[in-house]
Amino acid sequence: MKKYRVGVVGATGMVGQRFVSLLEAHPWFQLCVVAASARSAGKTYEEAVGSRWAMPNPMPEEAKKLIVMDASQVEAVTAQVDFVFCAVDMKKEEIKALEEAYAKAECPVVSNNSANRFTPDVPMVVPEINADHIEVIQAQRKRLGTRRGFIAVKSNCSLQSYVPALHPLREEFGLNKVLVCTYQAISGAGKTFATWPEMVDNCIPYIGGEEEKSEQEPLKLWGKVEDGQIVSASSPAITAQCLRIPVSDGHMAAVFMSFDKKPTKEEILDRWSRFEGPAQKLDLPSAPKHFLHYFEQADRPQTKLDRNLENGMAVSVGRLREDTQYDYKFVCLSHNTLRGAAGGGVLLAELLAAKGYFD
Ligand SMILES: NC(=O)c1ccc[n+]([C@@H]2O[C@H](COP(=O)([O-])OP(=O)(O)OC[C@H]3O[C@@H](n4cnc5c(N)ncnc54)[C@H](OP(=O)(O)O)[C@@H]3O)[C@@H](O)[C@H]2O)c1
């Protein structure tokens, strides 16, 4: 199979570094361009990132000597690639304009940013859950006046643990009410303990915009494509509190759920163990073999022990039990910069490639 030429826009940041790491020896994608702000442009990738390299593995040799391009030089970047990943820290309106400029230059954009998540004809996709939403790209291309260019996004990292666990129960048992508290790692803010020492021995009970995303984005994931737009689902009702805790990577969630037709505990465990989606059926290179792993031990999943399960692409679940106010409660965990960000972006790109959207 021919390899697609790929650019990473925002390559010097936390998520961008993950993309660069994941693209090393990827069977379908070849990293050709790294782009960032004018501050980094013109330097080698190694110089531009410098001491900011925060990945557990060394910087890939193929990336070190690439000269960082200015992301605003859209034509220069798009001339060298078949599509780009985008993960930039800019104002929402600037990100929207940048992503649209790439799409209009006939370059597909697979984005980690939130700016376009609620654009009605932009699919927001977790490949195991709503792969069918990519069909809305046809309507988006019509709006943008493009033949090839489009924007596809992945959802926020906070919901990447609990939506997969709720999904195989939602329709069959009529999931109607969800309460979730998330305990989120500092890499979700693009930080390490070195760059955010105030987080050592600390917990901050506020993450700007995160609770709204955690409540609303699942409803778009569970929405339907109608007349060239994605119409969000109207249920379940979701309420969320999101806390920043002192761990480097891995977002944990404590979840409470109620149903129209309350399942048995065995039925829930059965649906979790059998759940697979298009990512597994298409055998996409980054897809975990088993998306949901249930732990019987009362003290699992644990962030440090379980976040890297199946290369950080699986979701760990545990402590399912009946609740006094809701039908059931459980805990779950996913790696926020792998499954929750760059890994989820690479998996989405694999789905789009498998379905011919980059040709
Ligand atoms: N971290 C996570 O777990 C996570 C999860 C999901 C989604 N996200 C989203 O992903 C995006 C990036 O997050 P991050 O944590 O990787 O941020 P980050 O570490 O602060 O990195 C920001 C990146 O944006 C680039 N940038 C800043 N201003 C720019 C400009 N004017 N033009 C072009 N590039 C510019 C930076 O380049 P320079 O180095 O040149 O400044 C850097 O490459 C954000 O939208 C965030 O909400 C993050």
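Just so it is clear, the model here is predicted, and its values are computed rather than measured. (Residues numbered from 1 in each chain as written. Predicted model: local features only at pLDDT ≥ 70, side-chain atom pairs only at ≥ 80, totals over all residues.)

A. Region of the structure containing the overall build of the protein. Regarding its fold elements, the protein presents 13 helices and 14 strands. In terms of overall size, the protein behaves like a compact globule, its C-alpha atoms giving a radius of gyration of 20 Å where 359 residues would be expected to give roughly 21 Å. Dimensions along the principal axes, computed over C-alpha positions, put the protein at roughly 60 × 50 × 35 Å. Evaluated residue by residue, the protein yields a buried proportion of 48% over its 359 residues. (Helix = DSSP H or I, 4+ residues; strand = E, 2+ residues; numbered from the N terminus. Rg over C-alpha atoms; globule rule 2.2 N^0.38 Å. Buried ≥ 20, exposed ≤ 12 C-beta atoms within 10 Å, placed from the backbone.)

B. Molecular detail of the domain arrangement of the protein. Domain annotation of the protein identifies domain 1 (4-156 + 342-354) and domain 2 (157-335). Look at where the C-alpha atoms of domain 1 and domain 2 centre, and you get two points 24 Å apart. Contact with domain 1, which involves 32 residues of that partner, is made by 30 residues of domain 2. In terms of residues, the side of domain 1 that touches domain 2 owes the most to one element, helix α13 (residues 338-354), which gives seven residues. Each residue belonging to the side of domain 1 that touches domain 2 can be placed in one class, and the counts come to 18 nonpolar, eight polar and six charged. (Domains from an automatic or database assignment. Contact = placed C-beta atoms within 7 Å. Nonpolar A, V, L, I, M, F, W, Y, C, P; charged D, E, K, R; others polar.)

C. Structural context of the site of the ligand. Taken together, 27 residues lie near the ligand, and G13, A36, S37, S40 and G190 sit nearest. For the shell around the ligand, the secondary-structure elements that each account for two or more residues are α1 (14-23) and α13. Broken down by element, the shell around the ligand gets its largest block of residues, three residues, from α1. Here the residues of the shell around the ligand sort into 10 nonpolar, 15 polar and two charged. Three or more residues apiece are contributed to the shell around the ligand by two domains, here domain 1 (4-156 + 342-354) and domain 2 (157-335). (Near = placed C-beta within 6 Å.)

D. Quick peek at the sheet that holds strand β3 (residues 69-70). Pairing in this open sheet of six strands is parallel, and the strands run β3-β2-β1-β4-β5-β6 from one edge to the other. Across the chains shown, the open sheet's two edge strands, defined by having one partner strand only, are β3 and β6 (151-153). Across three bridges, strand β4 (residues 83-86) lies against strand β5 (residues 109-111) in parallel orientation. Across the sheet, C86 pairs through a bridge with S111, a residue of β5. (Pairing = 2+ DSSP bridges.)

E. Structural context of the sheet that holds strand β10 (residues 237-244). The six strands are arranged β10-β7-β11-β14-β13-β12 in an open sheet whose pairing can be described as mixed. Edge positions in the open sheet fall to β10 and β12 (292-295), since each of these has one partner strand only. Within the sheet, the average angular offset between the axes of one strand and its neighbour, ignoring direction, is 20°. By the bridge criterion, eight bridges tie strand β7 (residues 175-184) to β10 in an arrangement that is parallel. Residue pairing for β10: L179 is matched across the bridge by T239. Running over the sheet, helix α8 (residues 210-221) touches β7 and β10 and is turned about 145° from β10. (Axes fitted to C-alpha atoms, helices over the stretch in contact; angles between N-to-C directions.)

F. Just the pairing of strand β1 (residues 4-9), in detail. Alignment of β1 against strand β2 (residues 29-36), held across six bridges, turns out to be parallel. Each bridged residue has a counterpart across the sheet, and for V9 the counterpart in β2 is A35. Bridge count for β1 against β4 is four bridges, and the pairing is parallel. Looking at β4, one finds that V9 is bridged to C86.

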